[in-house]
Amino acid sequence: MKIECKNLEHIYNKSNPFEKVALKDINLEINLGEFIGIIGHTGSGKSTLAQHLNGLLEPTGGDVLVDGISTKTKVKTDIRKNVGLVFQYPEYQLFEETCYKDIEFGPKNLGLTDKEIKERVEWACDAVGLDVEHMKEKSPFELSGGQKRRVAIAGVLAMEPEVLILDEPTAGLDPRGRDEILDQIAMLHEERKISVVLVSHSMEDIAKYVERMIVMNKGEKAFDGTPKEVFSHYKELESMGLAAPQITYIMHDLQAKGLPVDTNATTIEEAKRSILRALEKQIL
Ligand code: ADP
């Protein structure tokens, strides 16, 4: 499955006094099996872009192609079967009496057999670390914030999408809840080869998990590359109201003080190895 944005433009309230250009001339390709991060300041167009990738919004200019067919013409339900979108604060959209019913809602509408639905719900619960039996009794309203979030993600996963788009999936969660959810998403990507598009404002999360990052700035695509490539522009990122991961700054400071470390290190683990190597060289 491939998603392409071609000169994509999105203007809200076009031709009225509240007109707002949210996306300008976006060109990008998302290929099967990628793990991509979309990052940018609030209002830079991340959510608008995410909603175009599964045809929820229609371009006001340019086009979005899913497997070569425009989202303007492709049957929306076909797109949504293959491209799952988890909104920001998805727990607000839980509405069934039990979590189980919420998770099976999507697959039930696909005309699957009861056995297939059951298997999908079981798999989706397992993928996000929920106990399926427990979900049969629990109302979504009895769960913690992190658990509710998992139920919402499981509901999208139960559709077995090839591409999973998550808009700020960890917003409002504590650090432990955040790491658990992101680790589970990374595992899904590894094991199931699902393409993942993670919208986030956290450089640390992006640096830790994604293989490619797209930086949005004022409705435009500012950078598109590996985290290392993008973080090498850390001064420009600052001018967009974004900071590189803290480790990037530390490594630059260490180098400026004369320690020959690799300033491309983007995770704590890489930085540790580079600092130890540099110290060993100094001692020898
Ligand atoms: P981000 O996800 O990066 O915070 P958004 O895609 O939500 O950015 O918003 C991009 C721009 O579009 C912002 O200026 C925002 O105020 C505007 N916008 C978003 N949604 C709407 C809407 N439904 N109606 C009008 N303007 C909107």
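The rules we used
- Residues numbered from 1 in each chain as written.
- Predicted model: local features only at pLDDT ≥ 70, side-chain atom pairs only at ≥ 80, totals over all residues.
- Heavy atoms only, no water.
- Buried < 20%, exposed > 50% of the residue type's maximum accessible area, 1.4 Å probe, protein only.
- Helix = DSSP H or I, 4+ residues; strand = E, 2+ residues; numbered from the N terminus.
- Pairing = 2+ DSSP bridges.
- Near = heavy atom within 4 Å.
- Polar contact = N/O pair within 3.5 Å; in protein donor to acceptor, adjacent residues only side chain to side chain.
- Areas by Shrake-Rupley, 256 points an atom, 1.4 Å probe, with all protein chains shown as cover.
- Core = buried A, V, L, I, M, F, W, Y, C linked by side-chain atoms within 4.5 Å.
- Axes fitted to C-alpha atoms, helices over the stretch in contact; angles between N-to-C directions.
- 1 Å grid on protein atoms, 1.4 Å probe; cavity = no way out; pocket = protein on both sides within 12 Å on 5 of 7 lines; lining within 4 Å.
- Points joined across faces, edges and corners; volume = space filled by probe spheres on them.
- Nonpolar A, V, L, I, M, F, W, Y, C, P; charged D, E, K, R; others polar.
- Salt bridge = Lys/Arg side-chain N within 4 Å of Asp/Glu carboxyl O.

Novice: Quick rundown of the pairing of strand β9 (residues 212-217)? Include the residues and the values.
Specialist: Across the six residues that make up β9, a large majority, five, are buried. With five bridges joining them, strand β3 (residues 35-40) and β9 adopt parallel strand pairing. Across the sheet, residue G40 finds its bridge partner in β9, namely M216. Alignment of β9 against strand β10 (residues 220-225), held across five bridges, turns out to be antiparallel.

Novice: Which residues make up the site of the ligand, and what are the values?
Specialist: Neighbouring the ligand are Y12, N13, K20, A22, H41, T42, G43, S44, G45, K46, S47 and T48. Separating an oxygen atom of the ligand from a backbone N or O atom of G45 is a distance of 3.1 Å. Note that an oxygen atom of the ligand is positioned 2.9 Å from one of the side-chain N or O atoms of K46. Protein chains shield 64% of the accessible area of the ligand, which is 560 Å² for the free molecule. Going through the elements one at a time, β2 (20-30) and α1 (46-53) are the ones with two or more residues in the shell around the ligand.

Novice: Please set out the nonpolar core residue by residue, giving values where relevant.
Specialist: Within the largest apolar cluster, 51 residues are counted, with the highest numbers of intra-cluster contacts made by I103, L157, M213 and V215. In this structure, A50, V66, I79 and L85 belong to the second largest nonpolar core, which totals 24 residues.

Novice: Go over the sheet that holds β3 with me, naming the residues and quoting the values.
Specialist: Across the sheet, which stays open at both edges, the six strands sit in the order β6-β7-β8-β3-β9-β10 with mixed pairing between neighbours. One side of each edge strand has no neighbouring strand; the edge strands of this open sheet are β6 (83-86) and β10. The sheet shows a mean angle of 15° between the axes of neighbouring strands, direction not considered. Looking at chain direction, β3 and strand β8 (residues 195-200) are connected through five bridges and run parallel. Of the residues in β8, the one forming a bridge with F35 is V196.

Novice: How would you summarise the layout of surface pockets if you had to cite specific residues and measurements?
Specialist: Considered as a void within the structure, the largest pocket measures approximately 690 Å³ in volume. Residue lining of the largest pocket: 25 residues in total, with L85, F105, G106, G155 and V156 positioned closest to the centre. Mapped onto the lining of the largest pocket, the elements with two or more residues apiece are α2 (76-82), β6, α3 (99-108) and α6 (145-157). In terms of residue class, the lining of the largest pocket is built from 15 nonpolar, seven polar and three charged. The volume enclosed by the second largest pocket comes to roughly 220 Å³. E204, K208, T266, T267 and I268 are, among the 13 residues lining the second largest pocket, the residues nearest its centre. Listing elements by their share of the lining of the second largest pocket, those giving two or more residues are α7 (175-192), α8 (203-209) and α11 (246-256).

Novice: Break down the sheet that holds strand β1 (residues 3-12) for me, citing the residues and quoting the values.
Specialist: The four strands are arranged β2-β1-β4-β5 in an open sheet whose pairing can be described as antiparallel. The open sheet has two edge strands with one neighbour each: β2 and β5 (69-70). Across five bridges, the pairing between β1 and strand β4 (residues 61-66) is antiparallel. Looking at the pairing, E4 lines up with L65 of β4.

Novice: Requested: an account of the pattern of salt bridges, with residues and values cited.
Specialist: Under the definition given, this model contains 23 salt bridges. The shortest N-O distance in the salt bridge between D78 and K81 comes to 3.8 Å. Of this pair, D78 and K81 both sit in helix α2, three residues apart, which is roughly one turn of the helix. For D78, a relative accessible area of 32% puts it in the partly exposed group. Here K81 falls in the partly exposed class, since its relative accessible area comes to 34%.

Scope: geometric values only; no functional claims are made or implied.
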